[in-house]
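Spelled out from the first residue to the last, the chains are:
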Amino acid sequence: MSIRKNQGTMIKEAINFYLEKGMTDKNDIYTKVVDDLGVPRPTVRRVARDLRNELLQKIAFLNTK
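What this report covers is the structure whose coordinates are included nearby. In this text the structure is predicted, and so the values were computed from the model without any measurement. Throughout, a residue's number is its position along its own chain's written sequence, starting from 1. In keeping with the model being predicted, local features are shown solely for residues with a pLDDT of at least 70 and side-chain atom pairs are shown and tallied solely at 80 or more, while totals for entire chains, interfaces and linings include all residues. Computation of side-chain values covers all heavy atoms of the structure but excludes hydrogens and water.

## Looking at the packing of aromatic side chains
Note on aromatic pairs: the rings of Phe, Tyr and Trp (six-membered ring only in Trp) are paired at centre separations within 6.5 Å, and the planes decide the class, stacked below 30 degrees, edge-to-face beyond 60, tilted for the rest. In total, this model carries one aromatic pair according to the counting rule given. Seen in terms of ring centroids, Phe-17 and Tyr-18 are 5.1 Å apart; in terms of plane orientation they differ by 75°. Their pairing is edge-to-face. When accessible area is computed with a 1.4 Å probe and restricted to protein chains, residues below 20% of their type maximum are described as buried, those above 50% as exposed, and intermediate ones as partly exposed. For Phe-17, a relative accessible area of 43% corresponds to the partly exposed category.

## Let's talk about helix α2 (residues 26-37)
Helical segments are the DSSP runs of H or I of at least four residues, strand segments are the runs of E of at least two, and each set is numbered from the N terminus. Each residue after the first adds 1.5 Å to the expected span of a helix. In a regular helix each residue adds 1.5 Å, so 12 residues correspond to 16 Å; α2 covers 16 Å between its end C-alpha atoms and thus fits that length. Inspection of α2 places Ile-29, Tyr-30 and Val-33 among the buried residues, and these make up the whole buried set. Down the axis of α2, the buried side of the element spans an arc of 100°, and every buried residue falls inside it. Tucked into the core, α2 has its buried residues touching α1 (7-20) and α3 (41-64). Counting of polar contacts relies on pairs of N or O atoms within 3.5 Å, with two restrictions inside protein: one atom must be capable of donating a hydrogen and the other of accepting it, and residues adjacent in sequence are counted only when both atoms are side-chain atoms. Where α2 begins, the side chain of Asp-25 points an oxygen toward the backbone nitrogen of Asn-27, at a separation of 3.0 Å. In the stretch just after α2, Gly-38 is the one whose phi turns positive, near 70°. The directions from the helix axis to the C-beta atoms are what the arc is built from. Here, two residues are considered to be in contact whenever any of their heavy atoms come within 4.5 Å of each other.

## Side note on the pattern of salt bridges
For this document, the term salt bridge refers to a Lys or Arg side-chain nitrogen within 4 Å of an Asp or Glu carboxyl oxygen. Tallied over the entire structure, the rule returns three salt bridges. The salt bridge partner of Glu-54 is Lys-12, with a shortest N-O separation of 2.6 Å. Highlighted residues: Glu-54 in helix α3 and Lys-12 in helix α1, separated in sequence by 42 residues. You can call Lys-12 partly exposed: its relative accessible area is 22%. Its salt-bridge partner being Asp-50, residue Arg-49 comes within 3.5 Å of it at the nearest N-O pair. For Asp-50, a relative accessible area of 26% translates into the label partly exposed.

Next up, the structure:
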């Protein structure tokens, strides 16, 4: 049985890949992800916002313990 990744998951993984490689300019990262995955830039920006919010929620949770 194969598991199909949804577009948002693929975009998050691509963003994290470039962050781990040391890229720090968000516009460069967005451009790379758009070029690599062939998805619209507004979609990449939306997913990046969602990823940022998820991380902030995790940080807030860690700060409450």
